[in-house]
Amino acid sequence: MSSAQIEIQLIASLVAIACAIPGTFLVLRKMAMISDAISHSILPGLVVGFFITENLNSPLLIVLAALTGVITVVLVEQIQKTGLVKEDTAIGLVFPALFSIGVILIAKNANDVHLDVDAVLLGELAFTPFDRLLISGVDIGPKSLWIIGFILLITVALLFAFFKELKLSTFDAGLAATLGFSPAVIHYGLMTVSSITTVGAFEAVGAILVVALMIAPAATAYLLTTDLKKMLLLSIIFGVFSAISGYWLAHWLDASIAGSITTMLGVLFFVVYLFAPSKGVIAVMYREKQQKIEVSLLTFLLHLKNHTEESERHVNHLNEHINWQKVRSKTVLELAQKNNMIAINNHIVSLTKKGDEFTTLAIDYIMTNEDAQIEDMKDDFFLFRG
Amino acid sequence: MSKSKIAVQVDDLTVAYNYKPVLWDIDLEIPEGVLMAIVGPNGAGKSTLIKSILGILKPIAGSVSIYGQPYEKQRDLVAYVPQKGSVDWDFPTTALDVVMMGTYGSLGWIKRPGQKEKKAALEALEKVGMLPFKNRQISQLSGGQQQRIFLARALVQDASIYFMDEPFQGVDATTEIAIINILKALRKANKTVIVVHHDLQTVPEYFDWVTFLNVKKIATGPVKDIFNDDNLTKTYGINYKVSIQK
């Protein structure tokens, strides 16, 4: 690997981490689309900043662009507050308006500079190593690396300082307010960090990938864990994994790095969406099938318990009586037998002691819904796992 | 309760959504140590009243004091149980963690909860009978269990005044009895408990103080004195001739 290759991967990874952190909270706050709005509407801020400083790496540029990001959020909220349109409509109204102002400004004034709409949308990760930061003539690395590194440092510091406040206000803004943690302060803090991160990542990876890096890793992590800290950590891991594997995919396909990273994010989400242990599509399907069998088993056992007369418990009679298909009856009969819950003598089915106890317990649980009684059955039966 | 202190005082409170008043000139004194129900029809402003007292909503007129001081200075004395439906129960966190959130107020900004806070949270879980579920993800709890978690979160604040917004909404009978027993124990400890309540039948059994509300305050006082057909009719607007056992 050349040093340029290492630098690109390093920048992509830092961008991924810086995006995953606010992204996790945006996903939990059901504000994923706000990141889309911010990423587009910071354009006029960038352009105006560029006109003033004539330098694409000026801190003023970042400040102005981040400010436009926050203004976007305020505008969306103000329009929504009128009650005339819903939030998604408000988002759809605000960011194209601001973005188009940026596009017009570029077209009118900046045709001859390195600020063009393509670069804004897709980024130029491949070129980032060429733009070096020189301090008294000494090359200390790509400028993008320093910018995103600095932003990441601030984001991580804020996360550690205000993790408790972020968690509380995201979960229960009402309680946060009564305890004296102003949800508005935390909300705008998060919006400011999201805006700054977007600006910082913008030049490297472009407006579209920024959104993907904020939302996809968090959405993927959400399917795998029930712990906020683990969700943050997984988001970061998924982001970095996609950044590096995406880079090599682009290398191999000789295609856009930004596009390849986004593709990897999509692939990763899809794989987890299918195979996640408890929330994944396959796991859910399997669980539903098991539950169906278990309900059948219980129905069958209950029938046996309710009928002491032998005629009701004859194998052939059971088929027509419970009104099941032969296959299903067979599955249930075998399952019950395998678990020593029934005994068959002369084609007459009867409950064993174990079967009888199990049925009583299960019915009891279903009637009272008292969890304590069923704890030990949960390992064997999906039905009772809530 | 002889000549007790005033825990919560509301003066001339008016709250409006988009200039339409939902609470109109409310004067209310809640004495210390009562277990009070706020009753009234849908849209009467019951939740709004609580939220305004707690500073979640800004009134357009009037003032609120908690033991003679504005709410901002008395946060430590107040615990709040919001409506269960006000949060996303799919949030990635456990029962214990939600209860720990009750300790955040006393910690203030930045400081993290430690062993002391964890111990308090475990005790509160024990009180509501939810200790076996401490590590359960909150979406894996039943509605009644979620409500108990919210109650534990308020208990951990060790406050003097508890505000609860419909704690009996959608809970099973066992949980309802468990909750009311805890509320009665709080009253015994001379805490003030204010509950937005829907089930008129249980008012005389559960509460000793009641406020009738329908945009305006209709009446407030001891259940045995004012919980009658007259006030019910004034509040609910229909001829309320159910004789409720007192």
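Conventions and cut-offs
- Residues numbered from 1 in each chain as written.
- Chains lettered and ligands numbered in written order.
- Predicted model: local features only at pLDDT ≥ 70, side-chain atom pairs only at ≥ 80, totals over all residues.
- Heavy atoms only, no water.
- 1 Å grid on protein atoms, 1.4 Å probe; cavity = no way out; pocket = protein on both sides within 12 Å on 5 of 7 lines; lining within 4 Å.
- Points joined across faces, edges and corners; volume = space filled by probe spheres on them.
- Helix = DSSP H or I, 4+ residues; strand = E, 2+ residues; numbered from the N terminus.
- Nonpolar A, V, L, I, M, F, W, Y, C, P; charged D, E, K, R; others polar.
- Phe/Tyr/Trp six-rings, centres within 6.5 Å; stacked < 30°, edge-to-face > 60°.
- Buried < 20%, exposed > 50% of the residue type's maximum accessible area, 1.4 Å probe, protein only.
- Expected span 1.5 Å × (residues − 1).
- Arc of directions from axis to C-beta.
- Pairing = 2+ DSSP bridges.
- Domains from an automatic or database assignment.
- Lys, Arg positive; Asp, Glu negative; His and termini not counted.
- Salt bridge = Lys/Arg side-chain N within 4 Å of Asp/Glu carboxyl O.
- Contact = heavy atoms within 4.5 Å.
- Buried area = accessible area lost by both parts, 1.4 Å probe.
- Polar contact = N/O pair within 3.5 Å; in protein donor to acceptor, adjacent residues only side chain to side chain.
- Axes fitted to C-alpha atoms, helices over the stretch in contact; angles between N-to-C directions.

**Student:** Looking at this structure, I do not really get the layout of surface pockets. What am I missing?
**Tutor:** Which parts of space are left empty comes out when a probe the size of a water molecule is rolled across the atoms. Residues and elements named next belong to chain A. Volume-wise, the largest pocket comes out at about 1,400 Å³. By residue number, the principal contributor to the lining of the largest pocket is helix 4 (residues 59-81), which donates five residues. When its residues are assigned to classes, the lining of the largest pocket shows 23 nonpolar, 12 polar and 12 charged.

**Student:** When you look at the environment of Leu318 of chain A in this model, what are you seeing that I'm missing?
**Tutor:** With respect to the helices, strands and loops of the structure, Leu318 of chain A is situated in helix 13 (residues 315-322). The spatial distance from the C-alpha of Leu318 of chain A to the C-alpha of Ser329 of chain A is 8.3 Å, given a sequence separation of 11 residues.

**Student:** What is the right way to read the packing of aromatic side chains from this model?
**Tutor:** Scanning all chains against the criterion turns up 11 aromatic pairs over all chains. Aromatic side chains Phe162 of chain A and Trp109 of chain B sit 6.0 Å apart centroid to centroid with 85° between the ring planes, which places their arrangement in the edge-to-face category. Here the residue Phe162 of chain A occupies a position in helix 7 (residues 143-171), and Trp109 of chain B occupies one in the loop between helix 3 (104-107) and helix 4 (115-127), the pair thus bridging two chains. The exposure class of Phe162 of chain A is partly exposed, given its relative accessible area of 27%.

**Student:** Mind showing me how you'd approach helix 11 (residues 257-275) of chain A here?
**Tutor:** Given 3.6 residues per turn, any residue in an α-helix points the same way as the ones three and four places further on. Residue and element names in this part refer to chain A. Compared with the 27 Å implied by 1.5 Å per residue over 19 residues, the 27 Å span of helix 11 between its first and last C-alpha is a close match. Those residues of helix 11 that fall on the buried side of the exposure criterion are Ile257, Ala258, Ser260, Ile261, Met264, Leu265, Leu268 and Val272. Projected onto a plane normal to the axis of helix 11, the buried residues spread over an arc of 165° and lie on a single side.

**Student:** Even after reading the chapter, I still don't get unusual backbone geometry, so can you show me in this structure?
**Tutor:** Working note: non-glycine residues mostly have negative phi, and peptide bonds are mostly trans. Even without being a glycine, Asp254 of chain A presents a positive backbone phi close to 55°. Looking at the secondary structure, you find Asp254 of chain A in the loop between helix 10 (228-253) and helix 11. On the accessibility criterion, Asp254 of chain A (72% relative accessible area) is exposed. For Asp158 of chain B, which is not a glycine, the phi torsion comes out positive at approximately 50°. For Asp158 of chain B, the location among the structural elements is in the loop between helix 5 (143-155) and strand 6 (161-165).

**Student:** Please explain the pairing of strand 3 (residues 35-39) of chain B as it appears in this structure.
**Tutor:** On any regular strand, side chains alternate: one points to one face of the sheet, the next to the other face. All names here are of chain B. Counting buried positions along strand 3 gives five out of five residues, so the element sits mostly inside the fold. Going residue by residue along strand 3, you find Leu35, Ala37 and Val39 tucked away on one face and Met36 and Ile38 tucked away on the opposite face as well. Alignment of strand 3 against strand 7 (residues 192-196), held across four bridges, turns out to be parallel. Opposite Ile38, over in strand 7, you have Val196 as the bridge partner.

**Student:** Explanation requested: the domain arrangement of chain A in the structure shown.
**Tutor:** Many descriptions give the size of an interface as the accessible area lost when the pieces come together. Parsing chain A into structural domains produces domain 1 (3-277) and domain 2 (282-381). Using only C-alpha atoms to locate each centre, domain 1 of chain A and domain 2 of chain A end up separated by 54 Å.

**Student:** Teacher, can you tell me more about empty space enclosed by the protein here?
**Tutor:** Taken as a whole and judged by the stated rule, the model has one cavity of 30 Å³ or more. By volume, the largest cavity is sized at about 30 Å³. Around the largest cavity, the lining residues are Thr178 and Leu179 of chain A together with Tyr71, Arg75, Val78, Ala79, Tyr80 and Gln157 of chain B. Considering every element that reaches the lining of the largest cavity, the biggest residue donor is strand 5 (residues 78-81) of chain B, with three residues. A class-by-class count of the residues in the lining of the largest cavity yields five nonpolar, two polar and one charged.

**Student:** Would you mind showing me how to read helix 2 (residues 32-41) of chain A here?
**Tutor:** The buried fraction of helix 2 of chain A is high, at eight of 10 residues. Burial in helix 2 of chain A covers these residues: Ile34, Ser35, Asp36, Ala37, Ile38, Ser39, His40 and Ser41 of chain A.

**Student:** Whenever I open this one, the side chain of Glu117 of chain B confuses me. Can you help?
**Tutor:** Residue and element names in this part refer to chain B. As for its position among the elements, Glu117 is in helix 4. The buried charged residue Glu117 lacks any salt bridge partner; its closest oppositely charged side chain belongs to Lys116, at an N-O distance of 4.2 Å. Not counting chain neighbours up to four residues away, the residues in contact with Glu117 comprise Met100, Thr103 and Leu107.

**Student:** Mind showing me how you'd approach the interface of chain A and chain B here?
**Tutor:** Listed per partner, the contact involves 34 residues of chain A and 34 residues of chain B. For the chain A and chain B pair, buried surface summed over both sides reaches about 2,900 Å², with 62% attributable to carbon and sulfur atoms. Among the residues chain A hides against chain B, the three largest losses belong to Lys164, Phe171 and Thr178 of chain A. Together they make up 26% of the total. Where chain A meets chain B, there are three salt bridges. The shortest N-O distance in the salt bridge between Asp97 of chain B and Lys167 of chain A comes to 2.7 Å. Taken together, the connections running from chain A to chain B amount to 14 residue pairs in polar contact (both at pLDDT 80 or more). At the level of secondary structure, the elements contributing two or more residues to the side of chain A that touches chain B comprise helix 7, helix 8 (173-178), helix 9 (183-222) and helix 10 of chain A. With 10 residues, helix 7 of chain A is the single largest residue contributor to the side of chain A that touches chain B. The residue inventory of the side of chain A that touches chain B, partitioned by class, reads 15 nonpolar, eight polar and 11 charged.

**Student:** How should the sheet that holds strand 6 of chain B be read in this particular structure?
**Tutor:** Through backbone hydrogen bonds, the strands of a sheet pair up, either in parallel or in antiparallel fashion. All names here are of chain B. Within the open sheet, the six strands sit side by side as 5-6-7-3-8-9. Their pairing is mixed. Looking at which strands have only one partner, the edges of the open sheet turn out to be strand 5 and strand 9 (216-222). Neighbour-to-neighbour, the strand axes of this sheet turn through a mean angle of 15°, independent of strand direction. Here strand 3 pairs with strand 8 (residues 209-214) via four bridges, running parallel. Each bridged residue has a counterpart across the sheet, and for Ile38 the counterpart in strand 8 is Thr211. Against the sheet, helix 5 engages strand 5 and strand 6, with an angle of about 170° to strand 5.

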